[in-house]
Amino acid sequence: MSKKWYVLHTYSGYENKVKGNLQHRVESMGLDDRIFEIQIPTEEVTEIKDGGRRVTTDKKVFPGYVLVRMELDDQSWGVVRNTPGVTGFVGAQGKPSPLSREEYNKIMRRTQSDAPKKTSSNLQVGQNVKVINGPLAEFDGTIAEVQPEAGKVKVMVSIFGRETPVELSYNQVARL
């Protein structure tokens, strides 16, 4: 038997509970020689709240899913499948399909500390904003582009009667 990564489908929001329940079941049933690791992939996301306040949190990469590294046999399958909160394995025709090494690496690359950070905000193209700091403070403009990976927006600001695109950080603008 080989150790492979499988994807479990869980009730959304129950990922941590499933991980805890499964770890407890593995220990109590002595299956730590067949079920090795349980992971909930997360990534760091910085959200810009009203007023430009930055809040960094860990968000689940795949809400409703948990990764389990295990040797699949009838007993290990039954223990995992009957864990409270687990709705099933991901796979074709009800059979669990292991992740390929490339798929696993791609998922885990998003969780590493050197992965590009995501920034989210409630800013949208076409929204009217006021510049709240920097050399253009107090100018009003309209968002022309949102760049979540960089945490920046391109705002069209009227300077000397002419529309000028200006690139600003999320925390330099506030919604009107």
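What comes next is a walk through the structure. If you're wondering where the values come from, they're calculated on a predicted model, not measured in any experiment. (Residues numbered from 1 in each chain as written. Predicted model: local features only at pLDDT ≥ 70, side-chain atom pairs only at ≥ 80, totals over all residues. Heavy atoms only, no water.)

Before going further, it helps to examine the nonpolar core. Leu-8, Leu-22, Ile-35, Val-66, Val-68, Met-70 and Val-80 are the most contacted members of the largest nonpolar core, which totals 16 residues. Those elements giving two or more residues to this core turn out to be strand S1 (4–10), helix H1 (15–28), strand S2 (35–39), strand S5 (65–70), helix H2 (74–81) and strand S6 (86–89). Apart from residues lying up to four places away in sequence, Val-68 is in contact with Lys-4, Trp-5, Tyr-6, Leu-8, Leu-22, Ile-35, Glu-37 and Ile-38. Counting residues in hydrophobic clusters, the runner-up holds 14 residues, among them Val-129, Val-157, Val-166 and Tyr-170. (Core = buried A, V, L, I, M, F, W, Y, C linked by side-chain atoms within 4.5 Å. Buried < 20%, exposed > 50% of the residue type's maximum accessible area, 1.4 Å probe, protein only. Helix = DSSP H or I, 4+ residues; strand = E, 2+ residues; numbered from the N terminus. Contact = heavy atoms within 4.5 Å.)

When we look at burial in helix H3 (residues 101–109), the residues that qualify are Tyr-104, Ile-107 and Met-108. The arc that holds every buried residue of H3, seen down its axis, measures 90°, which confines them to one face. Of the exposed residues in H3, those oriented more than 90 degrees away from the buried face are Glu-102 and Lys-106. Packing partners of the buried residues in H3 comprise S1, S2 and S5. (Arc of directions from axis to C-beta.)

Okay, the packing of aromatic side chains next. Tallying each qualifying case throughout the model produces three aromatic pairs. Each ring, one from Tyr-11 and one from Tyr-14, has its centre 5.9 Å from the other, and the planes form 70°; the classification is edge-to-face. Between Lys-3 and the ring centre of Phe-36, over which it is positioned, the NZ or CZ distance is 4.7 Å. (Phe/Tyr/Trp six-rings, centres within 6.5 Å; stacked < 30°, edge-to-face > 60°. Lys NZ or Arg CZ within 6 Å of the ring centre and 35° of its normal.)

A few words now on H1. Taking 1.5 Å of rise per residue, the 14 residues of H1 would be expected to cover 20 Å, and the 20 Å separating its terminal C-alpha atoms lies within 8% of that figure. All buried positions along H1 are accounted for by Glu-15, Val-18, Leu-22 and Val-26. For H1, the angular spread of buried residues about the axis comes to 65°, placing them on one side. Opposite its buried face, H1 presents the exposed residues Asn-16, Lys-17, His-24, Glu-27 and Ser-28, each directed more than 90 degrees away. The secondary structure elements touched by the buried residues of H1 are S1, S2, strand S4 (54–60), S5, H2 and S6. Gly-30 occupies a position one or two residues after H1 and carries a positive phi of about 65°. (Expected span 1.5 Å × (residues − 1).)

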